[in-house]
Amino acid sequence: MKIGNAYGAGKFGLSYEIFPPKTEAGEEQLFLAIEELMAFRPSLVTCTYRVGGSSRDKTLELTVKIRETFRVSTAAHLTCVGSTVEEIRKWLKRATELGIESIVALRGDPPKGETVFKPVEGGLAHAGELVALIRQEFPHFGVGVAGYPETHQEAPSPEADLANLRRKVGAGADVVITQHFYDNRDFFAFRERYTAAGISRPLVPGVLPPVGLDQTQRITSLCGAKLPASLASEMEKHRDDPAAQMAVGVEYAVRQYRELVRSGIPGIHFYVFNKAEATCKILEALHLPR
């Protein structure tokens, strides 16, 4: 199943995002987590890179291994970071040979220590260029792209950010998966502007369960998402009790995701960070079909 068929069109799409572990032990733990998550019959599992985009080949290997082990549709992430167009073509040819059906096309973050993204000589500067390359030269791939309910940190305005997203979709994207957020009002407002801009591809909320205060604060600060003060305060009360922090986060997430589901979203994409416990607790509470 290609990524464009994983959500909506009379069905609710469930997907998970994982990343390549650094060790064999980490990979074993990842596969145990995926096995638990598979109980909820996901439509898709996507595989990203480690920070800095240093595991591109491992992404391909893991995408295929997950597909073959769990008989689930998969998608491999691809960014513009550190690659020439020819290197990107080579990677896409290899993905084709391996039978990968879908690509999540991203510009990618600047390398560690840099604040501004600069393409390498002969590389691509924007995700829209990557989408266009895939669509023109490798049209057999399904393509997903990212959207930002709270606006991309580098965008000069929400309007400019939405215009960029419209260009990505116009270049040939099949579905838009959002950055995570903790206030549904941000997503709903974004969806209204998305629709008003004439974008018709499925808009899938990407969600990150807030199960640990330190981790959640670190990640939100990196991507510019807002952590509600009420949630942070409640988790802070349990600073020395990870289990209690998780319980608070899961309860918050269940309320948030129930509202999203009621609003008619075509699916939901969990950033699971290679762990199953919190996501499984949330999905059980949501009573999504197994």
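## Some points on the overall build of the protein
Secondary structure summary: the protein contains 10 helices and nine strands in total. Expected size for 290 residues packed as a compact globule is a radius of gyration near 19 Å; at 18 Å, the protein falls within 12% of this value. Within the protein, the proportion of its 290 residues that are buried is 54%. Contacts in the protein between residues far apart in sequence, at least 24 positions, make up 79% of those at least 6 positions apart. Here the protein has roughly 13,700 Å² of accessible surface; of this, 51% comes from carbon and sulfur atoms. Averaging the positions of the 35 positive and the 35 negative side-chain charges in the protein gives two centres separated by 4 Å.

## Side note on the sheet that holds strand β9 (residues 267–271)
Strand order in this open sheet of nine strands is β7-β6-β5-β4-β3-β2-β1-β9-β8, and the pairing throughout is parallel. Each having just a single partner strand, β7 (203–204) and β8 (206–207) make up the two edges of the open sheet. In this sheet, strand β4 (residues 102–106) lies alongside strand β3 (residues 74–79) in parallel orientation, the contact comprising five bridges. Counterpart to His-77 in the pairing with β4 is Val-104.

## Some details on the environment of Gly-267
As for its position among the elements, Gly-267 is in strand β9. In the structure, Gly-267 is positioned 264 residues away from Ile-3 in sequence and 12 Å away in space, judged by C-alpha atoms.

## Topic: the environment of Tyr-194
Position of Tyr-194 among the secondary structure elements: in helix α6 (residues 184–196). The class for Tyr-194 is buried, based on a relative accessible area of 3%. Along the sequence, Tyr-194 and Leu-162 sit 32 residues apart, while their C-alpha atoms lie 7.2 Å from each other. Setting aside residues no more than four positions away along its own chain, Tyr-194 makes contact with Leu-162, Leu-165, Val-176, Ile-199, Arg-201, Pro-202 and Leu-203.

## Brief notes about the side chain of Asn-274
Tracing the chain through its elements places Asn-274 in the loop between β9 and α10 (277–286). Of note is the side chain of Asn-274, whose polar atom sits 2.9 Å from the backbone oxygen of Phe-19. Aside from chain neighbours lying at most four places away, what touches Asn-274 is Ile-18, Phe-19, Pro-21, Leu-30 and Ala-33.

## Comments concerning the nonpolar core
Among the nonpolar cores identified, the biggest contains 72 residues, and Tyr-16, Ile-66, Leu-92, Ile-134, Leu-165, Tyr-257 and Phe-270 are the most heavily contacted of them. At six residues, helix α9 (residues 242–262) tops the list of elements feeding residues into this core. Not counting the four nearest positions on each side in its chain, Tyr-16 is found in contact with Leu-37, Phe-40, Pro-42, Leu-44, Val-45, Thr-46, His-269, Phe-270, Val-272, Thr-279 and Leu-283. Ranked by size, the runner-up nonpolar core spans 20 residues in total, among them Tyr-7, Val-104, Val-175 and Met-235.

## Brief notes about α9
Compared with the 30 Å implied by 1.5 Å per residue over 21 residues, the 30 Å span of α9 between its first and last C-alpha is a close match. Within the sequence span of α9, burial applies to Ala-244, Gln-245, Met-246, Val-248, Gly-249, Val-250, Tyr-252, Ala-253, Val-254, Gln-256, Tyr-257 and Leu-260. Residues of α9 that are buried sit in contact with α6, β8, α7 (213–223), α8 (229–236), β9 and α10. Two residues or fewer after α9 comes Gly-264, characterised by a positive phi angle close to 95°.

## Overview of the packing of aromatic side chains
Considering all chains together, one arrives at seven aromatic pairs under this definition. With centroids separated by 5.6 Å and ring planes inclined at 85°, the aromatic side chains of Tyr-257 and Phe-270 adopt a geometry described as edge-to-face. With a gap of 13 residues between them, Tyr-257 in helix α9 and Phe-270 in strand β9 connect regions that are remote in the sequence. Residues Tyr-257 and Phe-270 agree in their burial class; the two are buried. Note that Lys-65 overlies the ring of Phe-31, its terminal NZ or CZ placed 5.0 Å from the centroid.

## Some remarks on helix α4 (residues 127–137)
For α4, the full list of buried residues reads Ala-127, Gly-128, Leu-130, Val-131, Ala-132, Leu-133 and Ile-134. On its buried face, α4 is in contact with β3, α3 (85–97), β4, β5 (142–147) and α5 (158–170).

## A word on the pattern of salt bridges
In total, this model carries 15 salt bridges according to the counting rule given. Across the salt bridge formed by Glu-27 and Lys-58, the nearest N and O atoms sit 2.9 Å from each other. Within this pair, whereas Glu-27 is found in helix α1 (residues 24–37), its partner Lys-58 is found in helix α2 (residues 56–70), the two being separated by 31 residues in sequence. Three or more residues are tied together by salt bridges with common partners; here these are Glu-27, Lys-58 and Lys-65.

Analysis parameters
- Within any chain, residue numbers begin from 1 and follow the written order of that chain's sequence.
- Residue-level local features of this predicted model are given only where pLDDT is at least 70; pairs of side-chain atoms are given and counted only at 80 or more, and the full residue set underlies all totals for whole chains, interfaces and linings.
- For side-chain calculations, the full set of non-hydrogen atoms in the structure is used, while hydrogens and water are omitted.
- Helix and strand assignments come from DSSP, with helices taken as H or I runs of at least 4 residues and strands as E runs of at least 2, each series counted from the N terminus.
- Every radius of gyration here is taken over C-alpha atoms, with the globule rule written as 2.2 Å times N^0.38, N being the number of residues.
- Residue burial is assigned from relative accessible area. The probe radius is 1.4 Å, only protein chains are included, and a residue is buried under 20% of its type maximum, exposed over 50%, and partly exposed in between.
- Residue contacts are defined here by distance: any two heavy atoms, one from each residue, within 4.5 Å place the two residues in contact.
- Surface accessibility follows the Shrake-Rupley procedure with a 1.4 Å probe radius. Residue values consider only the protein chains on display as shielding.
- As used throughout, the charge tally considers Lys and Arg to be positive and Asp and Glu to be negative, leaving His and the chain termini uncounted.
- In plain terms, the charge of a residue is placed at NZ if it is Lys, CZ if Arg, CG if Asp and CD if Glu.
- Each pair of strands is called paired provided DSSP finds at least two bridges between the two strands.
- Residues adjacent in sequence count toward polar contacts only when both atoms are side-chain atoms; beyond that, a polar contact is any pair of N or O atoms within 3.5 Å, and within protein one must be able to donate a hydrogen and the other to accept it.
- Grouping buried Ala, Val, Leu, Ile, Met, Phe, Trp, Tyr and Cys residues that are joined through side-chain atoms within 4.5 Å yields what is termed a nonpolar core.
- Expected helix span is taken as 1.5 Å per residue step, with the number of steps being one fewer than the number of residues.
- Each aromatic pair joins two rings of Phe, Tyr and Trp (for Trp, the six-membered one) with centres within 6.5 Å, and gets the label stacked for planes under 30 degrees apart, edge-to-face for over 60, and tilted for any other angle.
- Each ring is checked for a lysine NZ or an arginine CZ that lies within 6 Å of its centre and within 35 degrees of its normal; such an atom marks a charge sitting over the ring.
- A pairing counts as a salt bridge when a side-chain nitrogen of Lys or Arg comes within 4 Å of a carboxyl oxygen of Asp or Glu.

Taken by themselves, the reported measurements are silent on function.
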